[in-house]
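Chains, contacts and geometry: an overview
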Amino acid sequence: MTSTEPIVIVGAGLAGATAAQTLRAEGHDGPIVVIGDEPERPYWRPPLSKGLLAGFAQPEHIAVAAESSWAERHIELRTGIGVRELDPGTRTLDLDDGSRLRYHRLLLATGGRARRVPGMDGARTLRTQAEALALREELAGKPSLLVIGAGLIGLEVAATARSLGCEVTVLEMSGVPLARIAPPWLGGVYATLHRSNGVDLHLGVRLSEVTETADGVVATAEDGRSWSAEVAVAALGMVPETELAVRAGLAVQGGIVVDELCRTSAPGIFAAGDVTSQSHPLLGGRYRIEHYSNAMEQASAAARNLLGIETPYTPVPSSTSEQYGVQLAVCGWPAAADVFDERGHTLRGEPAELDFSALFWKGDRLVGAACVGRSEEFERLRGMIADQPSMDDVLASL
Ligand SMILES: Cc1cc2nc3c(=O)[nH]c(=O)nc-3n(C[C@H](O)[C@H](O)[C@H](O)COP(=O)(O)OP(=O)(O)OC[C@H]3O[C@@H](n4cnc5c(N)ncnc54)[C@H](O)[C@@H]3O)c2cc1C
């Protein structure tokens, strides 16, 4: 590919950084500009609720690439500056500092921001390194902590805060934790895990507001109950950062619509990572995958496609979480199983001992797996799930 104008990547997160490095690894020798509105160089977000929050890891440990690697690879990394407008017709970007940049090809890797709910101004959120460091400083004083939301990030924050000696209360709207990614019985295993580690977990709580008080915060439920603590964190999921794409007229359906080659609806513009809306292979419609493996794998594929090296991307979602030293790993599409409850899976191992795998079936085909404490078995299942193998083949191979 020859052009004097650069390939521009908007978003200096994991997807943006991976795409830039892949472009060079594939031999592209033209200019590459990566623009990110956070002040830091690209960093890993998973440690924000684990090692960085606990204080085991420092910001320099979670960088996606060494500081020197950007200059060595002649990648212009511009941090602390946002892209305000995109004009696909003239292939130009307007930046926050008033400057204008033309691009030859563009990758949108704008990720997302923490979901904020009206009336919950008293709660902090956790999406950025700056937010994690601010929360870490507060947790060092061992305050009582309210965590709102028992999804993966909320539960990780709760586990980390317990390890630091904080009193932790978790409030969740659903009847079980992890309702978005796991069947109710598996959420129940995590409810037990947290309660046995001293978390005061309340399920089925519909909050109406979280407000600041003189000595902390108070969360009030619609039914009148209330909980107070010194600090509150709302872990209510992510909102994809699609405004730039929407204003530029790109197709957006819960995320920036991309095809198998990571192309958006506008010529020359690709997208990758948390912000994308991809076709669901089993349920129809579209979905977003908010895990780091997708950010990396889709960004690598997007970079190759951007260079004209055709690389279809058909992901198998995969996520991991560590709480109290227990590993949870989920892959595939458990919610696409015929029955997403006690009957819809094959269980191997013992949930009470936190050592088991649950295999989820659609007909007799494997469509999802969740493993607790079984990393080798998880890797084997993750490796085979793309082909949706039959029950006989799967069980014979384990
Ligand atoms: C606390 C936490 C814990 C997590 N733990 C795990 C885990 O254990 N396992 C797992 O698989 N995943 C985990 N994730 C999710 C994982 O981190 C994400 O899937 C991944 O970071 C997505 O990368 P991305 O590059 O697509 O988006 P992002 O990381 O969101 O990066 C996008 C970047 O683009 C910037 N940007 C947006 N708009 C503009 C603009 N207009 N101009 C310039 N810059 C812009 C944003 O500020 C951001 O820096 C976790 C996430 C969080 C927040």
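Residues numbered from 1 in each chain as written. Predicted model: local features only at pLDDT ≥ 70, side-chain atom pairs only at ≥ 80, totals over all residues. Heavy atoms only, no water.

**Comments concerning the environment of Arg127**
Tracing the sequence through the fold places Arg127 in the loop between β8 (112-114) and α4 (129-139). Residue classification places Arg127 among the buried residues on the basis of a relative accessible area of 16%. Here the alpha-carbon distance between Arg127 and Ser277, two residues 150 residues apart in the chain, equals 20 Å. (Helix = DSSP H or I, 4+ residues; strand = E, 2+ residues; numbered from the N terminus. Buried < 20%, exposed > 50% of the residue type's maximum accessible area, 1.4 Å probe, protein only.)

**Considerations on the site of the ligand**
Within the structure, the ligand sits among 33 residues, and Asp37, Glu38, Arg45, Lys50 and Arg127 are positioned closest to it. Between the ligand and Lys50, the relevant distance is 2.7 Å, taken from an oxygen atom to a side-chain nitrogen or oxygen of the residue. At 3.1 Å from an oxygen atom of the ligand is found a main-chain nitrogen or oxygen belonging to Thr320. Against a free-state accessible area of 1,000 Å², the protein chains account for coverage of 93% of the ligand. Elements with a minimum of two residues in the shell around the ligand: α1 (14-25), β2 (32-36) and α8 (292-306). Here the shell around the ligand is built from residues that sort into 14 nonpolar, 11 polar and eight charged. (Near = heavy atom within 4 Å. Polar contact = N/O pair within 3.5 Å; in protein donor to acceptor, adjacent residues only side chain to side chain. Areas by Shrake-Rupley, 256 points an atom, 1.4 Å probe, with all protein chains shown as cover. Nonpolar A, V, L, I, M, F, W, Y, C, P; charged D, E, K, R; others polar.)

**A short note on the sheet that holds strand β21 (residues 318-323)**
One open sheet accounts for five strands, arranged β21-β22-β25-β24-β23; its pairing is antiparallel. Each end of this open sheet is capped by a strand with a single partner; those strands are β21 and β23 (345-350). Strand after strand, the sheet turns through a mean of 15 degrees between neighbouring axes, direction not considered. The pairing of β23 with strand β24 (residues 355-362) spans six bridges and is classified as antiparallel. Considered in β24, the bridge of Leu347 is made with Ala358. (Pairing = 2+ DSSP bridges. Axes fitted to C-alpha atoms, helices over the stretch in contact; angles between N-to-C directions.)

**Quick look at the domain arrangement of the chain**
Domain annotation for the chain reports domain 1 (7-113 + 239-306), domain 2 (129-234) and domain 3 (325-397). Just the C-alpha atoms count here: the centres of domain 1 and domain 2 sit 31 Å apart. Listed as interface residues are 15 residues of domain 1 and, on the opposing side, 13 residues of domain 2. Contact between domain 1 and domain 2 buries roughly 1,200 Å² in total, counting both sides, with carbon and sulfur atoms accounting for 58%. By the criterion of area lost to domain 2, the three top residues of domain 1 are Ser49, Leu52 and Leu53, representing 44% of everything that side buries. (Domains from an automatic or database assignment. Contact = heavy atoms within 4.5 Å. Buried area = accessible area lost by both parts, 1.4 Å probe.)

**Some details on a negative patch on the surface**
Side chains of Glu167, Asp200, Asp215 and Glu230 sit close together on the surface and give a patch of like negative charge. Along the chain, Asp200 falls in strand β11 (residues 200-202). (Patch = residues over 30% accessible without salt bridge, like charges linked within 9 Å, V, L, I, M, F, W, Y side chains within 5 Å. Salt bridge = Lys/Arg side-chain N within 4 Å of Asp/Glu carboxyl O. Lys, Arg positive; Asp, Glu negative; His and termini not counted. Charge placed at Lys NZ, Arg CZ, Asp CG, Glu CD.)

**Describing the layout of surface pockets**
In this structure, the second largest pocket spans a volume of roughly 250 Å³. Here the lining of the second largest pocket is composed, by residue class, of eight nonpolar, five polar and two charged. A domain-level breakdown of the lining of the second largest pocket finds at least three residues from each of domain 1 (7-113 + 239-306) and domain 3 (325-397). (1 Å grid on protein atoms, 1.4 Å probe; cavity = no way out; pocket = protein on both sides within 12 Å on 5 of 7 lines; lining within 4 Å. Points joined across faces, edges and corners; volume = space filled by probe spheres on them.)

**Some thoughts on the packing of aromatic side chains**
Taken as a whole and judged by the stated rule, the model has two aromatic pairs. For the pair Trp44 and Tyr292, a centre-to-centre distance of 5.5 Å together with 80 degrees between the ring planes defines the contact as edge-to-face. Residue Trp44 is found in the loop between β2 and α2 (51-54), and its partner Tyr292 is found in helix α8; the two are separated by 248 residues along the sequence. Relative to Phe356, the ring of Trp185 has its centre 5.8 Å away and its plane inclined at 50 degrees; by these criteria the two rings are tilted. In this pair, Trp185 sits in helix α6 (residues 184-196) while Phe356 sits in strand β24, placing the two residues 171 residues apart along the sequence. Exposure remark for Trp185: the relative accessible area of 14% places this residue in the buried category. (Phe/Tyr/Trp six-rings, centres within 6.5 Å; stacked < 30°, edge-to-face > 60°.)

**Here's the deal with the packing of α1 against α8**
Contact geometry for α1 and α8: axes closest at 8 Å, N-to-C directions at 40 degrees. One element, α1, and the other, α8, form an angle in the oblique class. In the packing of α1 onto α8, the handedness of the crossing is right-handed. Here Leu14, Ala15, Thr18, Ala19, Thr22 and Leu23 of α1 lie close against α8, whose contacting residues are Tyr292, Ala295, Met296, Ala299, Ser300, Ala303, Arg304 and Leu306. A class-by-class count of the residues in the contact of α1 with α8 yields 10 nonpolar, three polar and one charged. (Parallel < 35°, antiparallel > 145°, perpendicular 65-115°, else oblique. Left-handed = near helix turned anticlockwise from the far one by under 90°.)

**Focus on the side chain of Thr22**
Mapped onto the fold, Thr22 is located in helix α1. Take Thr22: its relative accessible area is 9%, and that puts it in the buried class.

**As for the pairing of strand β25 (residues 365-372)**
Within β25, seven of the eight residues are buried, which leaves it mostly tucked inside the rest of the structure. Relative to β25, strand β22 (residues 326-332) is paired through five bridges, and the arrangement is antiparallel. Across the sheet, the residue bridging to Cys331 is Ala369, located in β25. Following β24, the chain reverses through two residues before pairing antiparallel with β25; Gly363 in that reversal takes a positive phi of roughly 60 degrees.

**Examining the nonpolar core**
Within the largest apolar cluster, 61 residues are counted, with the highest numbers of intra-cluster contacts made by Leu145, Val168, Val170, Leu186, Tyr190 and Leu366. Within the second largest apolar cluster, 27 residues are counted, among which are Ile9, Val34, Ala65 and Ala301. (Core = buried A, V, L, I, M, F, W, Y, C linked by side-chain atoms within 4.5 Å.)

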